[in-house]
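# Structural characterization, general
Here are the chains, one letter per residue:
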Amino acid sequence: MLFNRLSRRHFARIAGWSALGLSTISAESAQADASRSLPSGFPRNFLWGTATSAYQIEGAVNEDGRGPSIWDRFAHIDGKIGDHSTADVANDHYHRYKEDVQLIKALGAGAYRFSIAWPRVFPEGTGSPNPKGLDFYSRLVDELLANGIEPFATLYHWDLPEALQDRFGGWRSRDTSKAFADYAGYIAAHLSDRVKNIFTINECHRLVYSGYGAGVDAPGLSLPPQELNQVMHHVALGHGLAVQAVRAHGRAGTRVGPAENLVVCIPAIETPANIRATEIATRELNAGYLTVILEGKYTDGFLAYAGNNAPKYTPEDLEIISSPIDFVGLNIYLPHHYVAAADNNSGFALLPFPEAFPHMDSEWLKIGPEAMYWAPRQVAKLWNVKSIYITENGASATDKPAADGNTYDLDRIMYLRNYLTQLQRATSDGVPVRGYFLWSLMDNFEWSDGFEKRFGLYRVDFKTQRRTPKLSASFYREVIARNKVV
């Protein structure tokens, strides 16, 4: 091997690695590290699940009193969806939910994270609720429980009622934050007798920057920086108000928290200096949402960087946003930044990704399994979080059926095996991850990509609605059965 033909002096000189904090180690210690055995498995009672979202699978957009969402309008604008599709039918889960619950059961999964469509329950966003909308989720919850599957509900997965976008400008207004709290309280009052775990808002970063900044997601706006920061503040405020509403109206023992795609920072090389720099970067690069939720304040660095573009807020806002939560959900797909210690004002440097950095079928989905170790570890350490769920993790893959009709998605299995190995490393180190929800149960409407990108354990023929397990479904079933990476 090339490594064995290089002296330690030459090795440390390559590409200036010593500047990144790489220290030379003895051949003996390197060999000992390489031979160290993997953790034996996940903790007892570790919760294994899958995840979906309402707009991506339900269909039935005009049935039983459901109102339109911002995604209904957006998907029907020519050119907004890559394959020119819509989610009007999607997976037809609204009619096939019992069949889909059996797919979860077949995996041996003990939990299912689903989202509730706000416009199905409140067609106008506020005002009178729609009994048929709530009844659908009540029936879904009953079906899950009857099959031994614990329901985890997400209140908001991007399908804002169009009426609130038209009336208030959506999350540009505090009125939407208040309306979200009313909706959250209603759901908690009617479902928390059976649903004990509730996530407030899914992926604030994505919904703000893609929907209100880049305009590639609904509602398709491109706001200037100050307005964008104000939108994020209103989403954070909505989260806090929803937490308070769940506490006020939910049954005793109802647990609540966010589900966020935090900016994941990884030490380029695992030295003490780089690890500390990565913690600093994690705190600052998530300052607009997760940090303020967990600290009750915007960091000095965030406010200095934003300057005149900082959001306008009151001390009461910060108290609401930081309302005590029971857990933190983390959606982890990729490393956003590799970090090195630096002698600058921030204390860290973000390293550029090489052009050849590997990715899955979606070009944005860079393969960095160590994200699954460092992200929950940093959240636990920085903010003393005692309960973490991986609320989403998974990968798009090419997923072309073979001649025998089976889908041998070895690329997805490779991705999952490596990420789960790093999660197993985290739990063995005492990081308090309580459960994992694989994205996704089945192929679905993948937002602006339409049906072109497939993330599911089950392949869906969207013409016939037939669900067929891929090889990755067998892999995940074995992981669950053994409670360890296989």
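Cut-offs and rules
- Residues numbered from 1 in each chain as written.
- Predicted model: local features only at pLDDT ≥ 70, side-chain atom pairs only at ≥ 80, totals over all residues.
- Heavy atoms only, no water.
- Core = buried A, V, L, I, M, F, W, Y, C linked by side-chain atoms within 4.5 Å.
- Buried < 20%, exposed > 50% of the residue type's maximum accessible area, 1.4 Å probe, protein only.
- Helix = DSSP H or I, 4+ residues; strand = E, 2+ residues; numbered from the N terminus.
- Patch = residues over 30% accessible without salt bridge, like charges linked within 9 Å, V, L, I, M, F, W, Y side chains within 5 Å.
- Areas by Shrake-Rupley, 256 points an atom, 1.4 Å probe, with all protein chains shown as cover.
- Salt bridge = Lys/Arg side-chain N within 4 Å of Asp/Glu carboxyl O.
- Pairing = 2+ DSSP bridges.
- 1 Å grid on protein atoms, 1.4 Å probe; cavity = no way out; pocket = protein on both sides within 12 Å on 5 of 7 lines; lining within 4 Å.
- Points joined across faces, edges and corners; volume = space filled by probe spheres on them.
- Nonpolar A, V, L, I, M, F, W, Y, C, P; charged D, E, K, R; others polar.

Another aspect to go through is the nonpolar core. Looking at soluble globular proteins, one finds that nonpolar side chains tend to be buried together. With 144 residues, the main nonpolar core has Trp-71, Trp-118, Tyr-156, Trp-171 and Tyr-436 as its most contacted residues. Counting residues per element, this core draws most heavily on helix α11 (residues 225-249), at 11 residues. Grouped together as the second largest cluster of nonpolar side chains are six residues, Cys-265, Ala-277, Ala-281 and Phe-348 included.

With that settled, the discussion passes to a nonpolar patch on the surface. Side chains of Tyr-408, Leu-410 and Leu-471 sit close together on the surface and give an oily, nonpolar patch of about 290 Å² of accessible area. Structurally, the position occupied by Tyr-408 is in the loop between β10 (388-393) and α17 (410-428). Residue classification places Tyr-408 among the partly exposed residues on the basis of a relative accessible area of 43%.

It is worth spelling out the pairing of strand β7 (residues 328-331) at this point. Side chains Val-328 and Leu-330 of β7 all project onto a buried face; the interleaved residues Gly-329 and Asn-331 project onto the opposite face, where all are buried too. In terms of strand pairing, strand β5 (residues 255-260) meets β7 through two bridges, oriented parallel. Each residue of the ladder has a partner; that of Ala-259, found in β7, is Gly-329. Direction of pairing for β7 relative to β10: parallel, over a ladder of four bridges. By the bridge assignment, Leu-330 is partnered in β10 with Ile-390.

With the rule as written, the count across this model stands at three cavities of 30 Å³ or more. A volume near 50 Å³ is recorded for the largest cavity. Together, Ile-70, Trp-71, Tyr-156, Trp-158, Leu-207, Gly-211, Tyr-212, Asp-217 and Ala-218 line the largest cavity. For the lining of the largest cavity, the secondary-structure elements that each account for two or more residues are α4 (70-75) and α10 (204-213). Class assignment of the residues belonging to the lining of the largest cavity gives a composition of seven nonpolar, one polar and one charged.

Interpretation in functional terms is not warranted from these geometric data alone.
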